[in-house]
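So you can see what is in the structure, the chains are spelled out below.
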Amino acid sequence: MTTTEHLGHSPPNPLLELRDVSKIYGAGDALMKALAGVNLSIYAGEFVAIMGPSGSGKSTCMNILGCLDTPSTGHYFFQGIDVGELSRNQRALLRRNYLGFVFQGFNLLNRTSALENVELPLIYRGINARSRRRLARQALLAVGLADREGHTPGELSGGQQQRVAIARAIVTGPSLLLADEPTGNLDSARSLEIMDLLTVLNRDKNITVVMVTHERDMAAYAKRIVHFKDGLIETDHQQEHEL
Amino acid sequence: MLGNAFILALRELRRNVMRSILTMLGIIIGVSAVITLVTLGGGATQQVTEQISSLGSNLLMISVGKRMGPGQTSGAEAFKIADAEVLDREVNGLVAVAPVAIGSTTAIYANQNWSTNVTGSTESFFFVSNQKIAQGRLFNVSEARIGASVCVIGQTVATKLFGSQSPLNNRIRLQKLSCIVIGLLESKGQSSMGSDQDDIVVVPLRTFQRRIAGNQDVNLIKVSVKDGVNTEDIKHELERIMRVRRHLAANDDNNFNVLDMKEIALMLSNTTQTMTGLLSAVGAVSLLVGGIGIMNIMLVSVTERTREIGIRLAIGALEREVLLQFLVEAMVLSSLGGIIGIVLALITAVALSGILQVPFVFQGGIVIIAFLFSATVGVVFGYFPARKAARLDPIEALRHE
Ligand SMILES: Nc1ncnc2c1ncn2[C@@H]1O[C@H](COP(=O)(O)OP(=O)(O)OP(=O)(O)O)[C@@H](O)[C@H]1O
Ligand SMILES: [Mg+2]
């Protein structure tokens, strides 16, 4: 990977940069512009909340930021690298080494224990069995699921599954954490715990966090709020408060 | 990376016990069916081959009548001892010539009696028919010449008349003849035609003619040809001499028949080979069906698992890592199934060969072929559908339901 050499760049260079990015689904009459020319720069250490009505392109944008998808037009630079130019394998390595992703639909492996689900990204990072166990347990502990490590997704509630998904995303200690509605299925007490966790990760481990949420209360934890509407950024402002 | 693939593959297999068992079942059934059938067929072939070689090497049989099997006479004039003597003297390349007369009779000892075949022949008979002595002795030239009242009996006759007692030096009665048992033959078991080769009593030919048959007839002349001599040439020579001796005109058909035992042997082994071929074909079909079973389950499981593949890719697995995992899974399943199938087949083959009284002959070739076939099917059909899924964009694979 050539990305490491860009890691040292100082703040003037954004960690992520979307340059006139659009994403088009379908063709002809069914043509659908999920993103219609988005420009967005996110710097290392930021905590960004993305808000906006349903269907405004938030998940589409997250998928592109997570190197899971590529823009139809425009460019996405991750640490200065044009992701659109990378091969499938190179993008996979980016995801493996730098990204943690919490999916809107969890995407856990069925019939697989919470612990093994959380271990999965560590296996692909080539971490040995003992460290894997230890790190996975730590991550489950952090999301408050230490007592559920042997349960499979089928045996967990929606909120618990969501927390396993969060544990899986943070277990590798990624430089960028992308979370698509990480509190969507949680009650407010749990939600606050998760937000505290994200805040701690952002502040103490210097993990850049980008989070989609519908709730003002959750967005309030972020340092910056970006509003989407119809595939475009409507507003983008910093919050002055400090938690 | 291979280590990781192993961990992941084994976890998946353990997690999907039912699917793993179903996949293996196809392989197990296919592999064990083909191996069992081919092994049994091979055993039967070997049995026939052994029986043929026990008939005696390079054996020609001259029988009375046209193109008929031994023992059938169809009205033509029988041979005489002189015929055999002339052949022995005039044809080069022979080891021995044995004139044979056969009749069925009842052998009696004390209050036991047993209906059997009595063979009258010379001392050459034992060599030509590949009969070896187990106890006592064979009759000698002078006993043969004078027509002594002696006999050599087979194991079946010995057991029927004497039970576990030694038959040697006891007198048995064959019609008007009372003769001393001087020898017991080694057991030869069933012949390739299914008759009991141990159900036999041999007496000197002259004794047979005088005391049992009451005529000078010889039904059969057995001729043993030297190794390396062309039996076809000998056959023509025998025919030529016999035609002269039987005063046949140039346009007369032979009223006797020279049979090359090799031809019979060939015919028999062809039959068994055809049978083995059929069995193998049945086995091949079951292997194929097993293969299709593997194919099905692998295809279904990959479709089911497209979302799983999407998750792995999204988390940062490389395409080749996902493929390797599937490949290892398929390999572990197919080889495990193959090994179970082989073990099962060998157990079945041993048991069945006992029941069918066919020797168990291990056929290494078919074991390897069956194993490789199922392994290939497993790997190919585990690999290609997985490759299709692993080439999807992670987002597309994740959306798959
Ligand atoms: N694979 C696809 N094919 C066609 N249209 C799609 C596809 N994925 C997304 N879209 C469309 O793109 C638009 C944006 O979708 P997206 O999932 O980004 O919305 P969102 O802002 O995340 O909404 P929500 O808050 O409900 O999660 C929607 O109108 C959706 O219908
Ligand atoms: Mg969404």
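Quick notes on the rules
Residues numbered from 1 in each chain as written. Chains lettered and ligands numbered in written order. Predicted model: local features only at pLDDT ≥ 70, side-chain atom pairs only at ≥ 80, totals over all residues. Heavy atoms only, no water. Near = heavy atom within 4 Å. Polar contact = N/O pair within 3.5 Å; in protein donor to acceptor, adjacent residues only side chain to side chain. Areas by Shrake-Rupley, 256 points an atom, 1.4 Å probe, with all protein chains shown as cover. Helix = DSSP H or I, 4+ residues; strand = E, 2+ residues; numbered from the N terminus. Nonpolar A, V, L, I, M, F, W, Y, C, P; charged D, E, K, R; others polar. Pairing = 2+ DSSP bridges. Contact = heavy atoms within 4.5 Å. Axes fitted to C-alpha atoms, helices over the stretch in contact; angles between N-to-C directions. Donors = N, O, S within 2.8 Å, 3.2 Å for Na, K, Ca; no water. Buried < 20%, exposed > 50% of the residue type's maximum accessible area, 1.4 Å probe, protein only. Phe/Tyr/Trp six-rings, centres within 6.5 Å; stacked < 30°, edge-to-face > 60°.

Peer 1: I'd like to hear about the site of ligand 1, residue by residue, with values.
Peer 2: Close contacts around ligand 1 come from 15 residues, with A:Ser54, A:Gly55, A:Lys58, A:Ser59 and A:Thr60 the closest. Proximal residues around ligand 1 fall on chains A and B, making this an inter-chain site. Residue A:Ser56 places a main-chain N or O atom 3.3 Å away from an oxygen atom belonging to ligand 1. Residue A:Thr60 places a side-chain N or O atom 2.5 Å away from an oxygen atom belonging to ligand 1. Taken by itself ligand 1 offers 630 Å² of open surface, and the protein chains cover 68% of this. For the shell around ligand 1, the secondary structure elements donating two or more residues are β2 (32-42) and α2 (58-65) of chain A. Looking at the shell around ligand 1 residue by residue, the classes come out as four nonpolar, eight polar and three charged.

Peer 1: A description of the sheet that holds β2(A) should follow, citing residues and the corresponding values.
Peer 2: Residues and elements named next belong to chain A. Taken together, four strands build an open sheet; the order of strands is β2-β1-β4-β5 and the sheet is antiparallel. The outermost strands of the open sheet, each flanked by one partner alone, are β2 and β5 (81-82). Bridge analysis of strand β1 (residues 16-25) against strand β4 (residues 73-78) gives five bridges, and the strand direction is antiparallel. When the bridges of β4 are listed, Ser-22 appears paired with Thr-73. Lying over the sheet, α2 contacts β1, β2 and β4, oriented at roughly 125° with respect to β1.

Peer 1: Please provide a residue-by-residue account of the coordination of the magnesium ion (ligand 2), values included.
Peer 2: Residue and element names in this part refer to chain A. Summarising the metal site, the magnesium ion (ligand 2) is bound by the protein donors Ser-59 (OG) and Gln-104 (OE1), whose distances to it range over 1.8 to 2.3 Å. On the criterion of sequence distance, the pair formed by Ser-59 in helix α2 and Gln-104 in the loop between β6 (99-102) and α4 (114-124) is long-range, its members being 45 residues apart. Among the residues examined, Ser-59 registers a relative accessible area of 24% and is labelled partly exposed.

Peer 1: For helix α6 (residues 155-162) of chain B, give the residues involved together with the corresponding values.
Peer 2: Of all the positions in α6(B), only B:Thr156, B:Val157, B:Ala158, B:Leu161 and B:Phe162 are classed as buried. Residues of α6(B) that are buried sit in contact with β2 (94-109), β3 (112-121), β5 (150-153), β6 (171-174), β7 (177-185) and β8 (200-204) of chain B.

Peer 1: Just give me the short version of the packing of aromatic side chains, but keep the residues and values in it.
Peer 2: Residues and elements named next belong to chain B. Under the counting rule described, the total for this entry stands at five aromatic pairs over all chains. A centroid spacing of 5.3 Å and a plane angle of 70° characterise the contact between Phe-126 and Phe-139, whose relative ring orientation is edge-to-face. Placement of the pair is Phe-126 in helix α4 (residues 124-128) and Phe-139 in the loop between β4 (133-136) and α5 (141-146), with a sequence separation of 13 residues. The residues Phe-126 and Phe-139 share a single accessibility class, namely buried. Ring pairing ties together the aromatic residues Phe-125, Phe-126 and Phe-139, which thus form one cluster.

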